[in-house]
Amino acid sequence: MFPGRTLVALYGHPGTPSLGALGQQDLDESIERAERVAATYRGRVAGPVIPTFEIIATVARGGPGADGTYSAQTPVSTLRPWVDAATAAGMYVILDLQPGRANLLAQANHYVDLLRRPHVGLAIDPEWKLGPGQRPLQGFGGVDADEVNGVIAWLSRLTAANDLPQKVLVLHQFHLPMLRDEEEIVTDDANVAVVIHMDGQGSPAGKNSTWAAVVGAAPPGVFFGWKNFFAKDRPMMDQATTLARTPVPVMISYQ
């Protein structure tokens, strides 16, 4: 996947405007919006720019729910039309997990039929991975390298068994403890491209400081992503400023 192409994504949940740009319009309009945003990067980076949906597939929630996980799994039947339409339009799709107290691998496996497709990748949002006694929005969660590596190994086997192109695995991070023992994360599996995605919000100075910390702590062999927030960045960076960093992000998302 990388280097050689850049993913430019709308982030959110279908039909839920409060969770990001993806849910602020219907499916057809979301495809059009993703293509418009991606087009603003063409000619600014080497190689093709791929419009992308990053869809929150499992959504953190304030209560435990019937299964006690504090995470609601969106039905595959709800996501399939979005995946079908996006891939038909030549886009990439990333399914994002906000796991709560659920096992990451169990949540990923729930979407295995979609992940068997060649242009569908996976993301983990450790902010919402709760430890014992934690609840959403009461501090930041985190994941251990062992659990991340279990997902990488599973994705690798899925990719090989189905003769798929390399999968993208996005790991969101804006607080270093979100990825525990991150130096132990496997980054040399030929079937999985690992992207550590800096998704902090705020002022340009604050975001640049977070970027420096995230890049400095990352293990060798990963790629990097960046998130812009339409409402919560003060101000939101333009395309030139977004790209003016080292390493240049291979994935840029908008929430």
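Data block above holds the structure.
Position numbers for residues start from 1 in each chain and track the written sequence from start to end. Only residues with pLDDT of 70 or above have their local features reported here, since the model is predicted, and side-chain atom pairs are shown and tallied only from 80 upward, although totals for entire chains, interfaces and linings are computed over all residues. By convention in this description, side-chain values take in all heavy atoms of the structure and omit both hydrogens and water.

## What about the overall build of the protein?
Secondary structure elements are defined from DSSP: runs of H or I of at least 4 residues count as helices, runs of E of at least 2 residues count as strands, and each element is numbered from the N terminus. Across its full length, the protein carries seven helices and 11 strands. For the radius of gyration, the atom set is restricted to C-alpha positions; the globular benchmark scales as 2.2 Å times the number of residues to the power 0.38. Over its C-alpha trace the protein gives a radius of gyration of 17 Å, about what one expects of a compact globule, namely 18 Å for 255 residues. For the protein, the spread of C-alpha atoms along the three principal axes comes to 45 × 40 × 35 Å. Per-residue accessibility, obtained with a 1.4 Å probe over protein chains only, is compared with the maximum for each type, and a residue is labelled buried under 20%, exposed over 50%, and partly exposed between these values. When each of the 255 residues of the protein is scored for burial, the buried share is 53%. Only four residue types enter the charge count: Lys and Arg as positive, Asp and Glu as negative, with His and the chain ends excluded. To locate a charge, take NZ of a lysine, CZ of an arginine, CG of an aspartate or CD of a glutamate. In the protein, which carries 20 positive and 25 negative side-chain charges, the distance between the mean positions of the two groups comes to 4 Å.

## Some points on the nonpolar core
For the purposes of this section, nonpolar cores are sets of buried Ala, Val, Leu, Ile, Met, Phe, Trp, Tyr and Cys residues that join through side-chain atoms within 4.5 Å. Counting 59 residues, the largest nonpolar core has Phe53, Leu95, Tyr111, Leu122 and Leu169 as the members making the most contacts within it. For this core, the leading source of residues is helix H5 (residues 145-161), giving seven residues. If sequence neighbours within four positions are ignored, Phe53 has contacts with Leu10, Leu22, Leu27, Ser30, Ile31, Ala34, Trp82, Ala86, Met91, Tyr92, Val93 and Ile94. Whether two residues touch is decided by their heavy atoms; if any such pair falls within 4.5 Å, the residues are in contact.

## Digging into a negative patch on the surface
Each patch is assembled from residues with relative accessible area greater than 30% and no salt bridge, linking like charges that lie within 9 Å and nonpolar side chains (Val, Leu, Ile, Met, Phe, Trp, Tyr) that lie within 5 Å. Each accessible area value is a Shrake-Rupley result obtained with a 1.4 Å probe; residue values ignore everything except the protein chains displayed when judging cover. One side-chain nitrogen of Lys or Arg within 4 Å of one carboxyl oxygen of Asp or Glu is enough to make a salt bridge. On the surface, Asp26, Asp28, Glu29, Glu32 and Glu35 cluster together into a patch of negative charge. With respect to the element layout, Glu32 can be found in helix H1 (residues 27-39).

## So, the packing of H1 against helix H2 (residues 76-88)
Fitting a line to C-alpha atoms yields each axis, with helices limited to the stretch in contact; the angle taken between N-to-C directions then spans 0 to 180 degrees. Two elements in contact, H1 and H2, have axes whose closest approach is 10 Å; the angle formed by their N-to-C orientations is 40°. On the basis of their axis angle, the class for H1 and H2 is oblique. Crossing handedness for the pair H1 and H2: right-handed. Where H1 approaches H2, its residues Leu27, Ser30 and Ile31 are matched on the opposing element by Pro81, Trp82, Ala85 and Ala86. Considered class by class, the residues forming the contact of H1 with H2 number six nonpolar, one polar and no charged. By definition in this entry, angles of less than 35 degrees are roughly parallel, angles greater than 145 are roughly antiparallel, angles of 65 to 115 are roughly perpendicular, and the rest are oblique. With the far helix as reference, a near helix turned anticlockwise by less than a right angle produces a left-handed crossing, and one turned clockwise produces a right-handed crossing. Charged means Asp, Glu, Lys or Arg here, nonpolar means Ala, Val, Leu, Ile, Met, Phe, Trp, Tyr, Cys or Pro, and polar covers whatever is left, Gly included.

## Thoughts on the pairing of strand E4 (residues 92-97)
Most of E4 is tucked away, with six of its six residues classed as buried. Residues of E4 alternate between two faces, with Tyr92, Ile94 and Asp96 on one and Val93, Leu95 and Leu97 on the opposite face, all of them buried. Two strands pair when backbone bridges link them, and strand E2 (residues 49-60) and E4 are joined in this way by six bridges, in the parallel orientation. What sits directly across from Ile56, in E4, is Asp96. Strands were regarded as paired on the criterion that DSSP finds at least two bridges between them.

## A few points about H1
Given the number of residues in a helix, its expected span is that number minus one, multiplied by 1.5 Å. Here H1 spans 18 Å end to end across 13 residues, near enough to the 18 Å set by a 1.5 Å rise per residue. Listing the buried residues of H1 in full gives Leu27, Ser30, Ile31, Arg33, Ala34, Val37 and Ala38. Projected onto a plane normal to the axis of H1, the buried residues spread over an arc of 165° and lie on a single side. Among the exposed residues of H1, those pointing more than 90 degrees away from its buried face are Asp28 and Arg36. What the arc describes is the spread of directions from the helix axis to the C-beta atoms.

## Overview of the pattern of salt bridges
Under the defined criterion, the tally for this structure stands at six salt bridges. With a closest N to O distance of 3.3 Å, Arg61 and Asp67 form a salt bridge. Salt-bridge contacts for Glu147 lead to Lys129; the nearest nitrogen and oxygen are separated by 3.4 Å. Separated by 18 residues along the polypeptide, Glu147 in helix H5 and Lys129 in the loop between strand E5 (120-124) and strand E6 (143-144) bring together distant segments of the chain. Here Glu147 falls in the partly exposed class, since its relative accessible area comes to 22%.

## Some thoughts on the environment of Ile124
Secondary-structure assignment places Ile124 in strand E5. We classify Ile124 as buried; its relative accessible area is 0%. Expressed as a C-alpha distance, the spacing of Ile124 and Thr58, which sit 66 residues apart in the sequence, is 10.0 Å. Apart from residues no more than four positions distant in its own chain, Ile124 is found in contact with Asp96, Leu97, Leu104, Val151, Leu169, Val170, Leu171 and His172.

## Quick word on the layout of surface pockets
Using a grid of 1 Å spacing that covers the protein atoms alone, one calls a set of points a cavity when a 1.4 Å probe fits there but cannot get out, and a pocket when the set is open and has protein on both sides within 12 Å along at least five of seven lines; lining residues are those with an atom within 4 Å of a point. Grid points are joined across faces, edges and corners, and a volume is the space filled by probe spheres set on the points. Considered as a void within the structure, the largest pocket measures approximately 560 Å³ in volume. Lining the largest pocket are 27 residues, and of these Ser18, Trp128, Phe229, Lys232 and Gln255 lie nearest its centre. Classifying every residue of the lining of the largest pocket by side-chain character gives 13 nonpolar, eight polar and six charged.

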